[in-house]
Number of protein chains: 2
Amino acid sequence: MVKSDQFNITPIVASSSLRTLAYEALKAAITNMDIYGRAEEVRLDERKLSQDLGVSRTPVREALTVLEQEGFVRSEARRGVFVIKKTKKEIVGMIHAWAALESMAARLACERATDAQLKSLREMFPEFYEGRPSEHIDEYSDANIRFHQKIISLGQCEVIEDLSSNLLMHVRGIRNTALRQGDRSEKSIKEHVQIIKALEARQKEVAETLVRDHGLGLAAHVNTYGDYLE
Amino acid sequence: MVKSDQFNITPIVASSSLRTLAYEALKAAITNMDIYGRAEEVRLDERKLSQDLGVSRTPVREALTVLEQEGFVRSEARRGVFVIKKTKKEIVGMIHAWAALESMAARLACERATDAQLKSLREMFPEFYEGRPSEHIDEYSDANIRFHQKIISLGQCEVIEDLSSNLLMHVRGIRNTALRQGDRSEKSIKEHVQIIKALEARQKEVAETLVRDHGLGLAAHVNTYGDYLE
DNA sequence: AGATTGTATCTGGTATACCAGAATCTATTC
DNA sequence: GAATAGATTCTGGTATACCAGATACAATCT
């Protein structure tokens, strides 16, 4: 008999249950939708979603359960499932939690990451070293997110990575919006530079403090400018 | 007609869907079970659970979905759903995340909590001030957990509270076990006293640092003594 | 007309039937 | 007797039927 490991079989349909499919579709729909633009609540209809996705209610419900657990939707018995609008207070809370986790990741990164890994941080974002202001703000928004994700991944703590990625899904939009307000982007870049230096020097206390304060700064910023959230 | 608000009607069956019931039952069963005592994996049978709980598979499955999301069980298609045994590495990671969140909560508590609230911390744990060693270890274990929960609640950040409470469910057992190893309990008490003092003095940087290091100490302790986890 | 009540309808919650993959057992083959 | 092929059984995944609460609307009464 032929051993299957002689081939490099790429799984045709890969691994994805309908539930996972539904989950990803719904999550994408929710995160891409501009929740805060509209005034009234957005209601999701299980049966309609089932039809649109071409599956039965069961996997849709399971996907909605996960999304509810992650804080994206709220389900009221016999009334409907609604997309959750986060309050400013909740957003600020998430940023605080994020700051806590990322600063711990920075500390761990100083202890665990290789020199090459830490160096890659600087190479990933050369533009930080050129004083360019908020011209290419769109590209920078993405680079900004990637920067923080990179720090978290360098911490090599899976729990922190998971918790953070969930938080990020909720605050991604806000984070990019904040960059366009006041002098946030310039300030942000300068702080990033400092953070990179501290990490490269493996000054864990410094890196930890800088990352935390950077996060707290964002929280304060949102607290000041984020009135559009409510 | 009689207005219903003239009565103080207490809802008979209260509010609990079968799914919630099943969730709580299963969670209690899992957390009370000594997972690390037995060698082989624990498998949960949906149909059997349905029978035992007296409900259909549907609410049981939804409960299992939530538990899977929280990291208590893992579901393999057409093979079964298993209670997850955390590896030592994962436990240490959770403690790191916990330490990050709690230290942020301590900082926030310094800024937000009232004097009375901070004072209550000391009053809740008078035994910390008497040099008693690990005699009343059982009571102390509970007090230990409550202490940390109290700090987190004083931070008044709901996100941090929620994330922490989930982590706590996973680490509770280990945390108490650790107290009985080495001189962990004596060390722990001393650090608690320092933390209380810093909080009362509203020295947020100090409190933050102490809480973080206390958590990191536990992580290191588990890393050293926690071989029984695997 | 306004308030009220009855009813049709819509919603998520639950129960159940069925499916296909995986594991186990059994009978056949060499 | 060991190996293999087939069938049985068990599992979670999915689809569907039904239920009861909630809502909206229409019929009714005052």
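Scope of this entry: the structure provided in the associated data block. A quick note: this is a predicted structure, and the numbers were derived from the prediction, not measured.

**Observations concerning the pairing of strand β2 (residues 73–76) of chain B**
Residues and elements named next belong to chain B.
Turning to step 1, where the next piece is worked out: As defined by bridge partners, β2 adjoins strand β3 (residues 80–83) across four bridges and the pair is classed as antiparallel. Pairing of Glu76 across the sheet is with Gly80, part of β3.
Turning to step 2, where the next piece is worked out: Taking the residues that link successive antiparallel strands as the turn, the β2-β3 hairpin has three residues, and the phi of Arg78 there is positive, at about 55°.

**Remarks on the environment of A:Arg172**
Residues and elements named next belong to chain A.
Turning to step 1, where the next piece is worked out: On the secondary structure map, Arg172 appears in helix α7 (residues 158–179).
Turning to step 2, where the next piece is worked out: On the accessibility criterion, Arg172 (35% relative accessible area) is partly exposed.
Turning to step 3, where the next piece is worked out: Put simply, Arg172 and Ser141 are 31 residues apart on the chain and 9.5 Å apart in space, counted from C-alpha to C-alpha.

**Let's talk about the layout of surface pockets**
Turning to step 1, where the next piece is worked out: Estimates place the volume of the second largest pocket at around 850 Å³.
Turning to step 2, where the next piece is worked out: A:Arg61, A:Ser75, A:Glu76, A:Ala77 and B:Arg19 are, among the 28 residues lining the second largest pocket, the residues nearest its centre.
Turning to step 3, where the next piece is worked out: Where the lining of the second largest pocket is concerned, the elements lending two or more residues are β1 (43–44), α2 (46–53), α3 (57–69), β2 (73–76) and β3 (80–83) of chain A together with α1 (18–32) and α3 (57–69) of chain B.
Turning to step 4, where the next piece is worked out: A total of six residues in the lining of the second largest pocket trace back to one element, the largest contributor, which is α3(A).
Turning to step 5, where the next piece is worked out: Its residues assigned to classes, the lining of the second largest pocket shows eight nonpolar, seven polar and 13 charged.

**Looking at empty space enclosed by the protein**
Turning to step 1, where the next piece is worked out: Tallied over the entire structure, the rule returns three cavities of 30 Å³ or more.
Turning to step 2, where the next piece is worked out: The volume enclosed by the largest cavity comes to roughly 90 Å³.
Turning to step 3, where the next piece is worked out: Taken together, A:Ala100, A:Ser103, A:Met104, A:Glu208, A:Arg212, B:Ala100, B:Ser103, B:Met104, B:Glu208 and B:Arg212 make up the full set of residues lining the largest cavity.
Turning to step 4, where the next piece is worked out: A breakdown of the residues in the lining of the largest cavity according to their chemical character gives four nonpolar, two polar and four charged.
Turning to step 5, where the next piece is worked out: In terms of lining, the second largest cavity is formed by A:Asn144, A:Arg175, A:Ala178, A:Leu179, A:Arg184, A:Ser188, A:His214 and A:Leu218.
Turning to step 6, where the next piece is worked out: A total of three residues in the lining of the second largest cavity trace back to one element, the largest contributor, which is α7(A).
Turning to step 7, where the next piece is worked out: A per-class count over the lining of the second largest cavity returns three nonpolar, three polar and two charged.

**As for the sheet that holds β3(A)**
All names here are of chain A.
Turning to step 1, where the next piece is worked out: Strand order in the open sheet formed by three strands is β1-β3-β2, with antiparallel pairing between adjacent strands. Pairing within the sheet leaves two strands with one partner each, and these edge strands are β1 and β2.
Turning to step 2, where the next piece is worked out: Lying on the sheet, α3 is in contact with β1, β2 and β3; it crosses β2 at an angle near 115°.

**Some remarks on the relation of the copies chain A and chain B**
Turning to step 1, where the next piece is worked out: Its rotation angle being 180°, the transformation that places chain A on chain B also includes 0.0 Å of axial translation and leaves an RMSD of 0.1 Å. On the angle and the small slide along the axis, the relation comes out as a two-fold axis. Distance from the rotation axis, computed per C-alpha, reaches its smallest value in chain A at A:Ala100: 2.6 Å.
Turning to step 2, where the next piece is worked out: Same-surface contact between copies: 100% of interface residues of chain A are shared with the interface of chain B.

**Looking at the protein's contact with DNA strand D**
Turning to step 1, where the next piece is worked out: Around DNA strand D sit 24 residues, and of these A:Leu18, A:Thr58, A:Arg79, B:Asp45 and B:Arg61 come closest.
Turning to step 2, where the next piece is worked out: Backbone sugar and phosphate groups make up 66% of those atoms of DNA strand D lying within 4 Å of the protein.
Turning to step 3, where the next piece is worked out: Between DNA strand D and the protein, one listed contact pairs a phosphate oxygen with a side-chain N or O atom of B:Arg43 at 3.3 Å.
Turning to step 4, where the next piece is worked out: Between DNA strand D and B:Asp45, the relevant distance is 2.6 Å, taken from a phosphate oxygen to a side-chain nitrogen or oxygen of the residue.
Turning to step 5, where the next piece is worked out: In terms of residue count, the dominant contributor to the surface near DNA strand D is α3(A) (three residues).

**Describing the protein's contact with DNA strand C**
Turning to step 1, where the next piece is worked out: In the neighbourhood of DNA strand C, 24 residues make up the surrounding shell, with A:Asp45, A:Arg61, B:Leu18, B:Thr58 and B:Arg79 lying closest.
Turning to step 2, where the next piece is worked out: At the protein interface, 65% of the atoms of DNA strand C within 4 Å belong to sugar or phosphate.
Turning to step 3, where the next piece is worked out: Within the side chain of B:Ser56, a nitrogen or oxygen atom sits 2.7 Å from a phosphate oxygen of DNA strand C.
Turning to step 4, where the next piece is worked out: Of all the elements in the fold, those that place two or more residues in the surface near DNA strand C are β1, α2, α3, β2 and β3 of chain A together with α1 and α3 of chain B.
Turning to step 5, where the next piece is worked out: Taken together, the residues of the surface near DNA strand C break down into six nonpolar, five polar and 13 charged.

**Some points on the nonpolar core**
Turning to step 1, where the next piece is worked out: The biggest cluster of nonpolar side chains holds 56 residues, and the ones touching the most others in it are A:Ile160 and B:Ile160.
Turning to step 2, where the next piece is worked out: Counting only elements with at least two residues in this core, the list comes to α4 (88–112), α6 (137–154), α7 and α9 (204–225) of chain A together with α4 (88–112), α6 (137–154), α7 (158–179) and α9 (204–225) of chain B.
Turning to step 3, where the next piece is worked out: For B:Ile160, the residues in contact, after removing those within four places along its chain, are A:Ala97, B:Leu101, B:Met104, B:Ala105, B:Leu108 and B:Ile152.
Turning to step 4, where the next piece is worked out: With 21 residues, the next largest nonpolar core counts A:Leu118, A:Tyr140, A:Ala207 and A:Val211 among its residues.

**Some remarks on the packing of α4(A) against α7(B)**
Turning to step 1, where the next piece is worked out: Across the interface, α4(A) lies against α7(B) with an axial gap of 7 Å and an inter-helix angle of 55°. As the angle between them shows, α4(A) and α7(B) are arranged oblique. Residue-level inspection shows A:Glu90, A:Gly93, A:Met94 and A:Ala97 of α4(A) in contact with α7(B), the latter providing B:Val159, B:Ile160 and B:Leu163.
Turning to step 2, where the next piece is worked out: The residue inventory of the contact of α4(A) with α7(B), partitioned by class, reads five nonpolar, one polar and one charged.

Reading the values: rules and limits
- Residues numbered from 1 in each chain as written.
- Chains lettered and ligands numbered in written order.
- Predicted model: local features only at pLDDT ≥ 70, side-chain atom pairs only at ≥ 80, totals over all residues.
- Heavy atoms only, no water.
- Pairing = 2+ DSSP bridges.
- Helix = DSSP H or I, 4+ residues; strand = E, 2+ residues; numbered from the N terminus.
- Buried < 20%, exposed > 50% of the residue type's maximum accessible area, 1.4 Å probe, protein only.
- 1 Å grid on protein atoms, 1.4 Å probe; cavity = no way out; pocket = protein on both sides within 12 Å on 5 of 7 lines; lining within 4 Å.
- Points joined across faces, edges and corners; volume = space filled by probe spheres on them.
- Nonpolar A, V, L, I, M, F, W, Y, C, P; charged D, E, K, R; others polar.
- Contact = heavy atoms within 4.5 Å.
- Axes fitted to C-alpha atoms, helices over the stretch in contact; angles between N-to-C directions.
- Least-squares fit on C-alpha atoms with pLDDT ≥ 70 in both.
- Near = heavy atom within 4 Å.
- Polar contact = N/O pair within 3.5 Å; in protein donor to acceptor, adjacent residues only side chain to side chain.
- Core = buried A, V, L, I, M, F, W, Y, C linked by side-chain atoms within 4.5 Å.
- Parallel < 35°, antiparallel > 145°, perpendicular 65-115°, else oblique.

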